[in-house]
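Notes for the structure review
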Amino acid sequence: RGTALLSWAPGHPRAPAGWPLPTLYCTPAEAGTLPSRAAALRVQLLFALRARALQVLEAGLAAELHDALAALRTGWPGLAEDLALGRLSPQPGLPEEARGRLQALLAPDAARAAELQAECARGFEGIVQRLWPQLEVVVLGTAHGAEQLYCDALRQADCKGLPFYCPFYQAAGALLGVNLWPEEPAPRFLLCPDWAFCEFLPCPAEEEPRTVLLGELWEGREYGLVLTAQPGEYRCRAGEVLRVAGFHKQCPVVEPVRRESQALSVRGESIPEERFCRSLCRAVGMWPGARLVDYICVESALLGASSGACAPHYEVFVELRGLRDLSEGQRYKLDQCLQEDFPIYKSFRFKGSIGPLRLHLVGAGAFARLREALGSPLPMPRVLREERLLQLIQSTVIS
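Predicted model only: the values in this text are computed from it and were never measured.

Digging into the overall build of the protein
Scanning the protein from N- to C-terminus turns up 11 helices and 16 strands. Relative to the compact-globule value of 21 Å for 399 residues, the protein shows a C-alpha radius of gyration of 23 Å, a close match. Over its C-alpha atoms, taken along the principal directions, the protein stretches across nearly 65 × 55 × 35 Å. Here the protein, with 399 residues, has 51% of them falling under the buried criterion. Partitioning the intrachain contacts of the protein with sequence separation of at least 6 by distance along the chain shows that 64% fall at a separation of at least 24. Put simply, the protein shows about 18,900 Å² of open surface, and 55% of that area lies on carbon and sulfur atoms. Taken as two groups, the 42 positive and 45 negative side-chain charges of the protein have centres that lie 4 Å from each other.

As structure tokens, then:
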């Protein structure tokens, strides 16, 4: 029980065993299957806080750990009170029957509650290691692609000083590779030949695409993943682009680069998600005191009349910490960075066929609520295309 798990898997309760089984986790399995993501993470956080001798903090997604610690920032007085009284407070998304079963596992712990209050009152820089002094590692199920932003934010603040380790690579429900280099900051994975049947489409796409196999990959090239999972009932494009980082003996080692569908393209310029993120982070670095919490991008056509009558453009929604407003000059920095990083975007901007992007600041916690509304334990898309979610994020704009 030296590991706490922060992960949401709604509607997937584990079948009860005929005999009690040992578990790694101090967090009860039922907490992760609650109908509400926010309620599941808060309950799991409460059980994790009870265990001062925690050694491993595990999360399915970096975003789940990020949101659980955000809930700690805003709700630590209530969590401390629940710890002291050994209770589980009612909350939305926590059914009364489940609350009763989970509360039966708690016991009053006034000393731990007092420690939580003292540490949170000091601030939240390095809070994870202060709350769990024996913690050795943060283990993440997914720490690449869109999740990299959360990893960077956690390393800089709440989880400062702790190593991060992403042990496995999964795609389309199949386990594909293992990370043999836990001490390296960027995860890379050894593809295991007998776990699933993998084929690869070279990127950029050829006129007559032909898949290649493991033994035909070239170091430094990018490939789209085509997957036939055991027992071989389907063959599909997984939507993942991988870069071959090298070889371990004769087996390729890959780095996940991006998802194929996550690209901005109002005039065919096709700006990938991870490269847009780099430009955005560079622009944020020019805004004194600002720290990027989260963002999404929207192609203006998806917003209809609310995006105005100008040429097609990008609508960017960002959540910042440390800065309440931006001047027009600061907002333009992002458009300037995009023009410097993408010559094709600069060309379209010069011709006027792409209009200047619009940057919107949203309120604190807006993206956590958006992930709750998404209703999926998968990583949240960065290029948003769902109208109901667009309306939700628009309602949180503050400037």
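Here the narrative resumes, following the displayed structure.
Regarding unusual backbone geometry
Trans peptide bonds make up most of the peptide bonds, and negative phi angles are found at most residues other than glycine. In this structure, P204 follows C203 across a cis peptide bond, with omega equal to 0°. Its location among the elements puts P204 in the loop between strand 8 (197-203) and strand 9 (222-228). One non-glycine residue, K249, lies in the positive phi region at around 60°. Inspection of the secondary structure puts K249 in the loop between strand 10 (235-248) and strand 11 (251-259).

So, the packing of aromatic side chains
Following the criterion strictly, the structure yields four aromatic pairs and no others. Ring centres of F200 and Y223 lie 6.2 Å apart, and the angle between their planes is 75°; on these two criteria the pair is classed as edge-to-face. Of this pair, F200 sits in strand 8 while Y223 is found in strand 9, placing the two residues 23 residues apart along the sequence. Among the residues examined, F200 registers a relative accessible area of 2% and is labelled buried. Residue Y223 is classed as buried on the basis of its relative accessible area, which comes to 2%.

Overview of the sheet that holds strand 16 (residues 358-361)
One open sheet accounts for three strands, arranged 14-15-16; its pairing is mixed. Two strands bound the open sheet, and with one partner strand each, they are strand 14 (291-299) and strand 16. Mean inter-strand twist for the sheet, computed between neighbouring axes without regard to direction, equals 25°. Inspection of the sheet shows strand 15 (residues 314-321) paired to strand 16 by four bridges, in the parallel sense. For V316, the partnering residue across the bridge sits in strand 16 and is L359.

Conventions and cut-offs
Residues numbered from 1 in each chain as written. Predicted model: local features only at pLDDT ≥ 70, side-chain atom pairs only at ≥ 80, totals over all residues. Heavy atoms only, no water. Helix = DSSP H or I, 4+ residues; strand = E, 2+ residues; numbered from the N terminus. Rg over C-alpha atoms; globule rule 2.2 N^0.38 Å. Buried < 20%, exposed > 50% of the residue type's maximum accessible area, 1.4 Å probe, protein only. Contact = heavy atoms within 4.5 Å. Areas by Shrake-Rupley, 256 points an atom, 1.4 Å probe, with all protein chains shown as cover. Lys, Arg positive; Asp, Glu negative; His and termini not counted. Charge placed at Lys NZ, Arg CZ, Asp CG, Glu CD. Phe/Tyr/Trp six-rings, centres within 6.5 Å; stacked < 30°, edge-to-face > 60°. Pairing = 2+ DSSP bridges. Axes fitted to C-alpha atoms, helices over the stretch in contact; angles between N-to-C directions.

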